[in-house]
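# Per-entry structural report
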Amino acid sequence: MKKIFLLVAVMATVSTQLLFAQDTKSTALTPLLTSYYDVKDALVKSNSADAATHAGEFLKAVKGVDMKSLPASDMTVFMDLQEKLAFDARHISESRDIAHQREHFANFSVNFFKLAKAVKLTGQPVYYAYCPMKKSYWLSAEAGIKNPYYGSQMLTCGKVTETLNK
């Protein structure tokens, strides 16, 4: 009986590890998602300096993507969005005006969602949230609302409209 229990426990552990490994599988584009979240989190905190720094990191990452490592379908989608993402990231990185950064973040988020919807960037859920006051969207790793467009003024304003990687 103990041997059967031990065998079942070992099989459960191995299968759980395999599932977890699949969920966290990353691609050459995964660092872009991490950088996007960093920009969003800085805007949630209304920290324009950090938003600029993280947008600069995003810009470096978007320019440094190794196209040869991407599957053809991912490369096509990324190439269509690369300049648009770089444009808004550059504007966010060059400004210390939080309102200006948030204006570019709205378009940045729309284009990044197109990428996230077409290319699996992570095995984890990606939440697409909407702010009715700003009439703009953003992506988040958490289902809880933390609004990057108004920060602490209206931190929980918004709702999740779509979830990727359920």
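These notes cover the structure that comes with them.

About the thresholds
- Residues numbered from 1 in each chain as written.
- Predicted model: local features only at pLDDT ≥ 70, side-chain atom pairs only at ≥ 80, totals over all residues.
- Heavy atoms only, no water.
- Pairing = 2+ DSSP bridges.
- Helix = DSSP H or I, 4+ residues; strand = E, 2+ residues; numbered from the N terminus.
- Axes fitted to C-alpha atoms, helices over the stretch in contact; angles between N-to-C directions.
- Contact = heavy atoms within 4.5 Å.
- Expected span 1.5 Å × (residues − 1).
- Polar contact = N/O pair within 3.5 Å; in protein donor to acceptor, adjacent residues only side chain to side chain.
- Buried < 20%, exposed > 50% of the residue type's maximum accessible area, 1.4 Å probe, protein only.
- Salt bridge = Lys/Arg side-chain N within 4 Å of Asp/Glu carboxyl O.

### Some details on the sheet that holds strand E1 (residues 126–131)
Taken together, three strands build an open sheet; the order of strands is E2-E1-E3 and the sheet is antiparallel. Because the sheet does not close on itself, it has two edges, and the strands there are strand E2 (136–140) and strand E3 (159–164). Direction aside, neighbouring strands of the sheet carry axes that sit 25 degrees apart on average. Lying on the sheet, helix H2 (residues 30–44) is in contact with E1 and E2; it crosses E2 at an angle near 120 degrees. Relative to E2, helix H5 (residues 98–118) is tilted by about 55 degrees, and along the sheet it contacts E1, E2 and E3.

### Considering H5
Owing to its 3.6 residues per turn, the α-helix brings residues three or four apart onto one side. Given a rise of 1.5 Å per residue, 21 residues ought to cover 30 Å, and the 30 Å separating the end C-alpha atoms of H5 matches this to within 8%. Packed against the buried residues of H5 are H2, helix H3 (48–63), helix H4 (72–94), E1, E2 and E3. At the N-terminal boundary of H5, the capping side chain belongs to Asp-97, with an oxygen 3.1 Å from the backbone nitrogen of Ala-99.

### Re the pairing of E1
Burial analysis of E1 places five of its six residues in the buried class, the great majority of the element. Where E1 lies against E2, five bridges are found, and the strand directions are antiparallel. Bridge assignment links Tyr-127 to a residue of E2, and that residue is Ser-140.

### Remarks on the pattern of salt bridges
Overall, the coordinates contain two salt bridges when judged by the stated rule. Here Lys-117 makes a salt bridge to Glu-162, at a shortest N to O gap of 2.3 Å. With a gap of 45 residues between them, Lys-117 in helix H5 and Glu-162 in strand E3 connect regions that are remote in the sequence. The partly exposed category is assigned to Lys-117, whose relative accessible area is 48%.

No statement about biological role is implied by the geometric values presented.
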